[in-house]
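Summary of the model geometry
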Amino acid sequence: KVSSGVGRAIRDGLDIAIVGMAARFPGAPDLEAFWRNLCAGVESVSRLTPQELAEAGVDRKTAGRPNYVGARAVLEGIDLFDAPFFSMTPKEAETTDPQQRLLLECAWETLEHAGYDPSRYKGSIGVYAGSSTSGYLYHLFPRRVLLQSPAEMSAMLGVEKDTLATRLSYKLNLRGPSLAVQTACSTSLVAVHLACQALLSGECDMALAGGVTIELPQNRGYIYKEGEVLSPDGVCHAFDHRGQGTVFGSGAGTVVLRRLSDAIADGDHIWAVIRGS
């Protein structure tokens, strides 16, 4: 809870409260596990076996190259989804990108964490979110996309990044602005920034913001080349003199935002305050 002394820090109503959170990361199915991993220094990058690489379609010659790094931050359970819970048919779930399925689960969990039921909340709830390019597209259309039938059109919508935010709004009955955000690696932070601006301008009374990435197939490494972004040893030495690059992986995270004055007035549990972006 915010103490009474914070009152003067609410800069003319420009502060934003984080009142709900949810995330799925490699080795951490929820925020509590993620925090424990951080405190314990757990490295969640997987070292892929030759069999895993082969099953992911990496040929033996490529995997045997001296500069091939068999490392990836793998997210478990991406094939699991409770379709009936979100009023989806098995076929609809099958043709929906795992990224969109996972973000839908995280969005629901975030609202639960915040303690708000969209069907009973009287204000408008906006959505600002983004995802990576769909690798699932090639699973649905292994040859090419012809879009010659309603079924193909429907499947295409299930993997299209443009429909990510509006799908969340539709499935969760959120009646605020709904905007897909695409700014490469900064997508989730830009989504949070846009959500803050929407709250401050009165476009919505609550905002759900975040992003998701699931790389398919997951169990594949990469070819290291000096001077490029990827790490030579499969380790991301963040803020360290050994840092030489990053390692790609999968994950999702969302937050629920409110104007700080509204959150205080309604007695929300405030996890953090955004002072600017």
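Just above sits the structure.
All of the points below concern the structure found in this document.

About the thresholds
Residues numbered from 1 in each chain as written. Predicted model: local features only at pLDDT ≥ 70, side-chain atom pairs only at ≥ 80, totals over all residues. Heavy atoms only, no water. Helix = DSSP H or I, 4+ residues; strand = E, 2+ residues; numbered from the N terminus. Rg over C-alpha atoms; globule rule 2.2 N^0.38 Å. Buried < 20%, exposed > 50% of the residue type's maximum accessible area, 1.4 Å probe, protein only. Contact = heavy atoms within 4.5 Å. Areas by Shrake-Rupley, 256 points an atom, 1.4 Å probe, with all protein chains shown as cover. Lys, Arg positive; Asp, Glu negative; His and termini not counted. Charge placed at Lys NZ, Arg CZ, Asp CG, Glu CD. Pairing = 2+ DSSP bridges. Axes fitted to C-alpha atoms, helices over the stretch in contact; angles between N-to-C directions. Salt bridge = Lys/Arg side-chain N within 4 Å of Asp/Glu carboxyl O.

Broken down by element type, the protein carries ten helices and ten strands. By the compact-globule yardstick of 19 Å for 277 residues, the protein fits well, its C-alpha radius of gyration being 20 Å. Along the first, second and third principal axes, the C-alpha atoms of the protein reach 65 × 55 × 30 Å. By the burial criterion, 42% of the 277 residues in the protein qualify as buried. Put simply, of all contacts in the protein between residues at least 6 apart along the chain, 75% involve residues at least 24 apart. When the accessible surface of the protein is summed, it comes to about 15,200 Å², and 55% of that surface belongs to carbon and sulfur atoms. Put simply, the protein has 26 plus and 31 minus side-chain charges, and the middle of one group is 2 Å from the middle of the other.

Across the seven residues that make up strand S5 (residues 125–131), a large majority, seven, are buried. Relative to strand S7 (residues 206–213), S5 is paired through seven bridges, and the arrangement is parallel. Residue Gly126 lies in a different strand from S7, and its bridge partner there is Ala207. The pairing of S5 with strand S6 (residues 178–180) spans three bridges and is parallel. Across the sheet, residue Tyr128 finds its bridge partner in S6, namely Leu179.

A few words on the sheet that holds strand S9 (residues 251–259). As a general point, the strands of a sheet are linked pairwise by backbone hydrogen bonds and lie either parallel or antiparallel. Read across the sheet, six strands follow the order S6-S5-S7-S9-S1-S10 without closing on themselves; strand pairing throughout is mixed. Two strands bound the open sheet, and with one partner strand each, they are S6 and strand S10 (272–274). Taking each pair of neighbouring strands and ignoring which way they run, the sheet shows an average axis angle of 25 degrees. Along the sheet, helix H5 (residues 98–114) contacts strand S1 (16–24), S5, S7 and S9; its crossing angle with S1, the most-contacted strand, is approximately 135 degrees. The strands that helix H9 (residues 187–200) touches are S1, S5, S6, S7, S9 and S10; relative to S7, the one it contacts most, it runs at about 170 degrees.

Turning to the environment of Gly243, a few remarks are in order. By the element assignment, Gly243 lies in the loop between strand S8 (222–223) and S9. A sequence separation of eleven residues divides Gly243 from Pro232, and the C-alpha atoms of the two residues are 9.7 Å apart.

It is worth spelling out the pattern of salt bridges at this point. If you walk through the whole model with that rule in mind, you get 13 salt bridges. Ionic pairing is found between Glu215 and Arg72, a salt bridge with its closest N-O pair at 2.3 Å. On the criterion of sequence distance, the pair formed by Glu215 in the loop between S7 and S8 and Arg72 in strand S4 (residues 71–72) is long-range, its members being 143 residues apart. Considered together, Glu215 and Arg72 belong to a single accessibility category, that of buried residues. With a closest N to O distance of 4.0 Å, Glu94 and Lys91 form a salt bridge. Separated by three residues within a single helix, Glu94 and Lys91 lie in helix H4 (residues 90–94), roughly one turn from each other. Exposure remark for Lys91: the relative accessible area of 54% places this residue in the exposed category. Bridged by salt links that share partners, the residues Arg24, Glu105 and Glu109 form one connected network.

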